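Examining the three-dimensional arrangement
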Amino acid sequence: TEIYYWRKHHDLHGWMEGLYRSRGGATESFNCIPIRLYSNDLDALEMDVRKNLLPKTRGFFFGDNPPDEDSIEQDMEFISKARWAIADGLAVYYDSWW
């Protein structure tokens, strides 16, 4: 079940790729690779979103949309929904396709 959808949120994708790599992910292209998110991941993501610390991620498919109040609000909405899903015993994954 999809709980959130972003279009071209390159900095979030870069953050998720960093998480993937920190867990030993080694594929060249981080695309179509689901990564499970845990409560501690959401805590770290929330801190980075609030402090505007998502990595600046650029690429042909991403465009260049800097963070703004709307994107921060959307990220926080996702984090809240993901926390509720985990609290309900569900597994939450981030996935991309570009």
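Look up a bit, the structure's there.
The notes below deal with the structure included here. No experiment lies behind these values; they were computed from the predicted model shown. (Residues numbered from 1 in each chain as written. Predicted model: local features only at pLDDT ≥ 70, side-chain atom pairs only at ≥ 80, totals over all residues. Heavy atoms only, no water.)

1. A closer look at the environment of E46
Note the following rule: We count a stretch as a helix when DSSP gives it H or I for four or more residues in a row; a strand needs E for two or more, and each element gets its number in order from the N terminus. Categorising residues by exposure relies on relative accessible area from a 1.4 Å probe, with only protein chains included: less than 20% of the type maximum marks a residue as buried, more than 50% marks it as exposed, and the intermediate range marks it as partly exposed. In what follows, a contact means two residues having at least one pair of non-hydrogen atoms within 4.5 Å. Pairing of N or O atoms within 3.5 Å defines a polar contact, subject to two protein rules: one partner must be a possible hydrogen donor and the other a possible acceptor, and residues neighboring in sequence count only if both atoms are side-chain atoms.
Checked against the element boundaries, E46 lands in helix α2 (residues 39-50). Among the residues examined, E46 registers a relative accessible area of 18% and is labelled buried. The spatial distance from the C-alpha of E46 to the C-alpha of I72 is 9.5 Å, given a sequence separation of 26 residues. Aside from chain neighbours lying at most four places away, what touches E46 is M76, I79 and R83. A distance of 2.9 Å separates the side chain of E46 from the side chain of R83, its partner in a polar contact.

2. Considering the layout of surface pockets
Put simply, the test is: Cavity: a set of points on a 1 Å grid over the protein atoms alone where a 1.4 Å probe fits but cannot get out. Pocket: an open set with protein on both sides within 12 Å along at least five of seven lines, its lining residues, like those of a cavity, having an atom within 4 Å of a point. Grid points are joined across faces, edges and corners, and a volume is the space filled by probe spheres set on the points. Throughout, the ten residues Ala, Val, Leu, Ile, Met, Phe, Trp, Tyr, Cys and Pro are labelled nonpolar, Asp, Glu, Lys and Arg are labelled charged, and all others, Gly among them, are labelled polar.
Looking at the largest pocket, its volume works out to about 800 Å³. Surrounding the largest pocket, 25 residues form its lining, Y4, Y5, W6, D95 and S96 being those nearest its centre. Mapped onto the lining of the largest pocket, the elements with two or more residues apiece are α1 (10-22), α3 (69-87) and β2 (92-94). Here the residues of the lining of the largest pocket are counted per class, giving 16 nonpolar, five polar and four charged.

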